[in-house]
Amino acid sequence: VQLQASGGGLVQAGGSLDHTCVASGEFYNINNMAWYRQAPGKQRELVATITRGGNRDFADSVKGRFSISRDNGKDTVYLKMDSLKPEDTAVYYCNMEITGVEFIQKNYWGKGTQVTVSS
C-alpha cells in the first residue's frame, strides 16, 4: 500500500492551495483519512480528519479556512486551504488508516508536500 500526495506550493497570504492524496495497492478498505502538518522546529500536528462516513474535524487554527473531503470510490482524500496565512507554512502529510487484505488495520503516510505562504 502506498499513498501518493500532490499539491502544495508557494502562495501569498490570503491565497488558496489544494492537496490530493491517493491510496494504491491491495487493501480491504480505508477508515479514517487525515492531513497533518509540520512546521520547522515544531512537532507534527493534526490539521483535519474525515471518517469513512464523512464526519469531519479540524484543528482550531484552520477552522473556517480549510476543508477536507474524500472520494471512497477513488481511495482519495482532499484538503482545500483558503485564506492562507504565513503561519500555515509547513510540510503537509496525508494519513490513512487502511485495513489490509489480512484484515489488519495499519497507519500509512504520504510523502510530505511543502506549503509556503508569504506575507
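What this report covers is the structure whose coordinates are included nearby.

1. What about the overall build of the chain?
And step 1. Looking only at helices and strands, the chain has 0 helices and 11 strands in total.
And step 2. Going from the N terminus to the C terminus, the chain shows its helices and strands as β-β-β-β-β-β-β-β-β-β-β.
And step 3. Seen through its C-alpha atoms, the chain measures out along the principal axes to roughly 50 × 25 × 25 Å.
And step 4. A buried classification covers 39% of the 119 residues belonging to the chain.
And step 5. When contacts within the chain are restricted to residue pairs at least 6 apart in sequence, those whose partners lie at least 24 apart make up 53%.
And step 6. Total accessible area on the chain stands at roughly 6,500 Å², and carbon and sulfur atoms take up 46% of it.
And step 7. A distance of 2 Å separates the average location of the 13 positive side-chain charges in the chain from that of its 12 negative side-chain charges.

2. Concerning the environment of Thr76
And step 1. Its place among the elements puts Thr76 in strand β8 (residues 76-81).
And step 2. By relative accessible area, which is 3% here, Thr76 ends up buried.
And step 3. Note: C-alpha distance between Thr76 and Ile30 (46 residues apart in sequence) is 9.6 Å.
And step 4. A distance of 2.7 Å separates a polar atom in the side chain of Thr76 from the backbone oxygen of Lys74.

3. Quick look at the pattern of salt bridges
And step 1. If you walk through the whole model with that rule in mind, you get 6 salt bridges.
And step 2. A salt bridge links Arg37 to Asp88, with the shortest nitrogen-to-oxygen separation between them at 2.9 Å. Of this pair, Arg37 sits in strand β4 (residues 29-38) while Asp88 sits in the loop between β8 and β9 (90-99); the two residues are 51 residues apart in sequence, bridging distant segments of the chain. Like Asp88, Arg37 is buried.
And step 3. Across the pair Asp82 and Lys80 runs a salt bridge whose closest N-O atoms are separated by 3.4 Å.

4. As for the nonpolar core
And step 1. Formed by 30 residues in total, the largest nonpolar core has its most connected members in Val77 and Met96.
And step 2. Of all the secondary structure elements, the ones that give two or more residues to this core are β1 (2-7), β3 (17-24), β4, β5 (45-50), β7 (66-71), β8, β9 and β11 (113-118).
And step 3. Here this core takes 5 residues from β9, the largest share from any one element.
And step 4. Once you skip the residues sitting within four places of it in the chain, Met96 turns out to touch Leu3, Cys21, Ala23, Ile30, Asn32, Met33, Asp75, Val77, Lys106, Asn107 and Tyr108.

5. Section: the packing of aromatic side chains
And step 1. Overall, the coordinates contain 3 aromatic pairs when judged by the stated rule.
And step 2. Where Tyr28 meets Phe103, the ring centres are 4.8 Å apart and the plane angle is 65°; that geometry is what we call edge-to-face. Residue Tyr28 is located in the loop between β3 and β4, and its partner Phe103 is located in the loop between β9 and β10 (105-109); the two are separated by 75 residues in the primary sequence.
And step 3. Residue Tyr28 is classed as exposed on the basis of its relative accessible area of 54%.
And step 4. On the basis of relative accessibility, which here comes to 58%, the residue Phe103 falls in the exposed class.
And step 5. Of the aromatic side chains, those joined through ring pairs into one cluster are Tyr36, Tyr93 and Trp109.
And step 6. Between the NZ or CZ atom of Arg44 and the centre of the ring of Tyr93, over which it lies, the distance is 3.7 Å.

Conventions and cut-offs
- Residues numbered from 1 in each chain as written.
- Predicted model: local features only at pLDDT ≥ 70, side-chain atom pairs only at ≥ 80, totals over all residues.
- Heavy atoms only, no water.
- Helix = DSSP H or I, 4+ residues; strand = E, 2+ residues; numbered from the N terminus.
- Buried < 20%, exposed > 50% of the residue type's maximum accessible area, 1.4 Å probe, protein only.
- Contact = heavy atoms within 4.5 Å.
- Areas by Shrake-Rupley, 256 points an atom, 1.4 Å probe, with all protein chains shown as cover.
- Lys, Arg positive; Asp, Glu negative; His and termini not counted.
- Charge placed at Lys NZ, Arg CZ, Asp CG, Glu CD.
- Polar contact = N/O pair within 3.5 Å; in protein donor to acceptor, adjacent residues only side chain to side chain.
- Salt bridge = Lys/Arg side-chain N within 4 Å of Asp/Glu carboxyl O.
- Core = buried A, V, L, I, M, F, W, Y, C linked by side-chain atoms within 4.5 Å.
- Phe/Tyr/Trp six-rings, centres within 6.5 Å; stacked < 30°, edge-to-face > 60°.
- Lys NZ or Arg CZ within 6 Å of the ring centre and 35° of its normal.

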